[in-house]
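Geometric and topological summary
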There are 2 protein chains.
Amino acid sequence: MTDLFMQAAIAQAKKSLAEGGIPIGSVLVIDGKIVGAGHNQRVQKGSCVLHAEMDCLENAGRLTAADYRRATLYSTLSPCDMCSGTVLLYGIPKVVIGENTTFQGPEAYVQSRGVTLDIQHNAECIQLMQDFIAARPQLWFEDIGE
Amino acid sequence: MTDLFMQAAIAQAKKSLAEGGIPIGSVLVIDGKIVGAGHNQRVQKGSCVLHAEMDCLENAGRLTAADYRRATLYSTLSPCDMCSGTVLLYGIPKVVIGENTTFQGPEAYVQSRGVTLDIQHNAECIQLMQDFIAARPQLWFEDIGE
């Protein structure tokens, strides 16, 4: 069963898709509450830095180090080098990942820096990405710098 | 002598300082031309993701992988985990760094991934950061997740 926070991340991914964007979503959870949510903004805002995780963190606003250090970041897809680096910058201790079948960020490196990764192999997350990549491969490759 | 591109990055840092923000600046150079410039936006935009390098890349807009792969990123300060991860995501091959005395990102890791770092030990960049950290330590620590 998909937990409620991953469901919220998937809802963000679907919102992005409905807007004509890339279907990746993210939420930030602190003390059992969602404090930020976001989705990829490449199409919607013409942004090269607002991947879902970045948009989510930006929407959560300026937090203290103490906040980040008890936070969990949820993402429908394995975080890329940029988003993983942001997790490391702010010392977010745990990332829950919907899937890493269609794309895999620097998971081993992130783990070596002390971050716990929970990879859920979520079928809905995989389907969202596979359908999107088949439909709009150039947009996808642009998003991952390829 | 400070090269023209680092001078432009320093000008961005000073602009940020004059706005009440954190004095770190960045420019992106492709084929000998500045295609994007930016500075830290934590104070100005309440942003936790727009470090100078991120703001610079965002201002450069959506570029192709071929563009990034012949780009050089200039920053007045050693890029943190987030900004370094963004360099890796987009395959930017070279980063020119004003200074890494007051702060040092994951330089060895970035180099191990094939990125060339040119660290300039620029006295003006060091002075900007030392004065700023002495004046506003809490803001500085927030910016680096401490």
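Scope of this entry: the structure provided in the associated data block. (Residues numbered from 1 in each chain as written. Chains lettered and ligands numbered in written order. Predicted model: local features only at pLDDT ≥ 70, side-chain atom pairs only at ≥ 80, totals over all residues. Heavy atoms only, no water.)

Here the focus is the pairing of strand β4 (residues 94–97) of chain A. Residues and elements named next belong to chain A. As paired elements, strand β3 (residues 71–75) and β4 share four bridges and run parallel to each other. Across the sheet, the residue bridging to Thr72 is Lys94, located in β4. Once the chain exits β3 it traverses helix α5 (residues 81–90) before rejoining the sheet at β4, and the crossover so formed is right-handed. Examined bridge by bridge, β4 and strand β5 (residues 116–119) share four bridges and lie parallel to one another. Note on β5: the bridge partner recorded for Val95 is Leu117. In this fold, β4 hands off to helix α6 (residues 107–112), which returns the chain to β5; that crossover is right-handed. (Pairing = 2+ DSSP bridges. Helix = DSSP H or I, 4+ residues; strand = E, 2+ residues; numbered from the N terminus. Right-handed = clockwise from strand over helix to strand, strands pointing away.)

On to the sheet that holds strand β1 (residues 25–30) of chain A, then. Residues and elements named next belong to chain A. As summarised here, the arrangement of the five strands in space is β2-β1-β3-β4-β5, forming an open sheet in which the pairing is mixed. For this open sheet the edge positions go to β2 (33–39) and β5, each flanked by a neighbour on one side alone. Strand-to-strand twist in this sheet, taken as the mean axis angle between neighbours without regard to direction, amounts to 15°. For β1 and β2, the ladder comprises six bridges, and the chain directions are antiparallel. When the bridges of β2 are listed, Ile30 appears paired with Lys33. Set on the sheet, helix α3 (residues 52–60) makes contact with β1, β2 and β3; between it and β2 the angle comes to about 130°. (Axes fitted to C-alpha atoms, helices over the stretch in contact; angles between N-to-C directions. Contact = heavy atoms within 4.5 Å.)

As enumerated under the stated definition, the model contains seven aromatic pairs over all chains in all. When the centroid spacing of 5.8 Å and the interplanar angle of 90° are considered together, the rings of Phe103(A) and Trp140(A) count as edge-to-face. Within this pair, whereas Phe103(A) is found in the loop between β4 and α6, its partner Trp140(A) is found in helix α8 (residues 137–143), the two being separated by 37 residues in sequence. In this structure Phe103(A) comes out as buried when scored by relative accessible area, which is 16%. Look at Trp140(A) and you get buried, because its relative accessible area is 4%. Between the aromatic rings of Tyr109(A) and Tyr109(B), the centroid separation amounts to 3.6 Å while the plane-to-plane angle is 0°, which identifies the pairing as stacked. One end of the pair, Tyr109(A), is in helix α6; the other, Tyr109(B), is in helix α6 (residues 107–112), on a second chain. Tyr109(B) carries the same exposure label as Tyr109(A), and that label is buried. (Phe/Tyr/Trp six-rings, centres within 6.5 Å; stacked < 30°, edge-to-face > 60°. Buried < 20%, exposed > 50% of the residue type's maximum accessible area, 1.4 Å probe, protein only.)

Below, the discussion takes up helix α5 (residues 81–90) of chain B. Residue and element names in this part refer to chain B. Buried residues dominate α5, accounting for ten of its ten residues. All buried positions along α5 are accounted for by Asp81, Met82, Cys83, Ser84, Gly85, Thr86, Val87, Leu88, Leu89 and Tyr90. Positive phi shows up at Gly91, right after α5, with a value of about 65°.

Bringing the sheet that holds strand β2 (residues 33–39) of chain B into the picture now. All names here are of chain B. Ordered in space as β2-β1-β3-β4-β5, the five strands form an open sheet in which the pairing is mixed. The open sheet has two edge strands with one neighbour each: β2 and β5 (116–119). Shown here is a sheet whose adjacent strand axes are inclined to one another by a mean of 15°, direction ignored. Relative to strand β3 (residues 71–75), strand β1 (residues 25–30) is paired through five bridges, and the arrangement is antiparallel. Bridge assignment links Val27 to a residue of β3, and that residue is Tyr74. Packing against the sheet, helix α1 (residues 4–18) makes contact with β1, β2, β3 and β4 (94–97), and its axis sits at approximately 145° to β1.

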